[in-house]
Amino acid sequence: MDAPPATTGPAGLIARLRAKLAGGSSEASLTRRLAGTIFVIRVISAGLAYVSQVLLARWMGTSDYGIYVYVWTWVLLLGSMMDFGISASAQKIIPEYRASGAQALLRGFLSGSRWLTFAVSTLVSLGLAGIVKLLSPWIDPAEVLPLYIGCMTLPAFVVANTQDGIARSHDWMQLGLMPQFIIRQALIIGITALAFLLGYHLGAVAAMVASLGAVWIAMAGQMVVLNRKLADHVTPGPKVYDVKGWLAVSLPILLVESFYLLLSYTDVLVLQQFRPSDEVGVYFAVVKTLALVSFIHYAMSATTAHRFAEYNASGDKARLSAYVAHAINWTFWPSLAATIVLLALGKPLLWLFGPQFMIGYDIMFVAAIGLVVRAAIGPVERLLNMLGQQKICALAYALAFVMNVVLCIALVPRYGGHGAAAATSISLSFETVLLFWIVRQRLGLHVLAFGK
């Protein structure tokens, strides 16, 4: 604690908590506040997503809702990868340009990165629409038009991701995250609710049109605000576009993000192939319940990445090492506390999904192991990406992904959800050990929440 408590009781507890969050160096205090902001945004977003899923399922019916979820899942997966990793690499490129005083390159990246991702995602979306056209004889006719609308959604989705990375690099976390996680979800709920109240048939096509409008409106509003804020922080002048340099940094990061995404979905996808749908539903409820722990890791990763790059660019290794230790501690201990609370309240939380979901309670303990182990090294994957170790980081994630696939195929047919949880926890533990060793060997840093 940074200061002794002045009072006892609830007021004293709140005062001590505020002192802890605000105490320490200015960088540490700022990091905790920003991470807290991101965590709150993600929790609110999860609540809105849950509400929207319930409402859409009730308004649309099983068949149309299934089509909508199918198409929207493709938008989420493809949209997360079609920016070439620039949304993540922005947190490395922007601090390095600022540290070196390369204002022309900085101005070029701030505008050029968005034009690049928009142009490429538009071309890819047109290509995907062509594929849908070619495959239309073999696609369910009810899916064709929603898929076309999904293709129209992708460019705005990708540009919003790019703007998110730019905003985070300037510590504008609310501007980066709220349009995607709060405003977009609220617009989808609002537009579909209005259509439902006006008596329109709310099928998959109408829901995708609402999502299309929500994505484009949120992205456009974010762009207006971002441009105004950048105008106050970046002096006008000539622009230099180092597209080759951007891609050299971004593409290895894209590999890391892609393998992480695959690692996150492997257990559910394999479980769906080998076990009944009711087991998949129970397992999915367990994963969603434990998502709170992942939000903490995400919050610290999003907050710290550009500072890793900034301190490395300035050559201040002592400051970097201290900041890394701070980020790891504020990832692991809150994650451990959240895990304990979620496990203690696991049965009533699963009961919210339905009484039949409570049979997944013991799976929570198996799945929680991997999350806690991963939290023990904090956001080191961002550290490696920001310090030029993207390729070795991608290799580590690829190995963990392959291990997860093999273990899931071996364990899921016999053990079901328990096997999927065990496979994922073992793979995350392997990934953690591998990343710890890589950081120790390549960077000479200790990245465990305990020990030296």
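Overview of the structure. (Residues numbered from 1 in each chain as written. Predicted model: local features only at pLDDT ≥ 70, side-chain atom pairs only at ≥ 80, totals over all residues. Heavy atoms only, no water.)

### Here's the deal with the environment of L443
The topology assignment puts L443 in helix α16 (residues 390-443). Separated by 126 residues in sequence, L443 and K317 have C-alpha atoms that sit 9.9 Å apart. Ignoring any residue separated from it by four or fewer positions in sequence, one finds L443 in contact with K317, L383, L384, L387, Q389 and I438. (Helix = DSSP H or I, 4+ residues; strand = E, 2+ residues; numbered from the N terminus. Contact = heavy atoms within 4.5 Å.)

### What about the packing of helix α5 (residues 103-135) against helix α8 (residues 204-233)?
Angle between the axes and distance between the axes: these two values describe a pair of packed helices. In the contact formed by α5 and α8, the axes pass within 12 Å of each other and the chain directions differ by 165°. The angle between α5 and α8 places the two elements in the roughly antiparallel class. For the pair α5 and α8, the crossing hand works out as left-handed. Contact with α5, carried on its side by L110, R114 and F118, involves W216, M223, L226, N227 and L230 of α8 and no other residues of that element. The class makeup of the residues in the contact of α5 with α8 is six nonpolar, one polar and one charged. (Axes fitted to C-alpha atoms, helices over the stretch in contact; angles between N-to-C directions. Parallel < 35°, antiparallel > 145°, perpendicular 65-115°, else oblique. Left-handed = near helix turned anticlockwise from the far one by under 90°. Nonpolar A, V, L, I, M, F, W, Y, C, P; charged D, E, K, R; others polar.)

### Considering helix α11 (residues 291-313)
Taking 1.5 Å of rise per residue, 23 residues should cover 33 Å, and α11 covers 34 Å from first to last C-alpha, within 8% of that figure. At T304, α11 is bent by approximately 35°, the largest bend along its length. When you tally the buried positions in α11, you get 17 out of 23 residues, the bulk of the element. After α11 finishes, the residue G315 shows a positive phi value of roughly 75°. (Expected span 1.5 Å × (residues − 1). Bend = angle between axes of the 7 residues up to and from the residue. Buried < 20%, exposed > 50% of the residue type's maximum accessible area, 1.4 Å probe, protein only.)

### Comments concerning the pattern of salt bridges
All chains considered together, the criterion is met by two salt bridges. One salt bridge connects K92 with E96, and the closest N-O pair in it is separated by 2.7 Å. Of this pair, K92 and E96 both sit in helix α4 (residues 86-100), four residues apart, which is roughly one turn of the helix. For E96, a relative accessible area of 28% gives the class partly exposed. (Salt bridge = Lys/Arg side-chain N within 4 Å of Asp/Glu carboxyl O.)

### Here's the deal with the environment of K229
By the element assignment, K229 lies in helix α8. Through-space distance from the C-alpha of K229 to that of W172 is 9.5 Å; in sequence the pair is 57 residues apart. When sequence neighbours within four positions are dropped, the list of residues in contact with K229 reads W172 and L175.

### Overview of unusual backbone geometry
Even without being a glycine, F84 presents a positive backbone phi close to 65°. Of note, F84 is situated in the loop between α3 (62-81) and α4. We classify F84 as partly exposed; its relative accessible area is 24%. Not every positive phi belongs to a glycine, and D171 is a case in point at roughly 65°.

### A short note on the packing of aromatic side chains
Two descriptors summarise a pair of aromatic rings, namely the distance from one centre to the other and the angle between the planes of the rings. A full pass over the atoms with the stated rule returns seven aromatic pairs. Their ring planes at 5° and their centres at 6.4 Å tell us that Y68 and W72 sit as a pair that is stacked. Within this pair, Y68 and its partner W72 are both found in helix α3, separated by four residues, close to a single helical turn. Considered together, Y68 and W72 belong to a single accessibility category, that of buried residues. With a centroid separation of 4.7 Å and an interplanar angle of 70°, the aromatic rings of F332 and W333 are classed as edge-to-face. Using a relative accessible area of 7% as the deciding quantity, one classes F332 as buried. (Phe/Tyr/Trp six-rings, centres within 6.5 Å; stacked < 30°, edge-to-face > 60°.)

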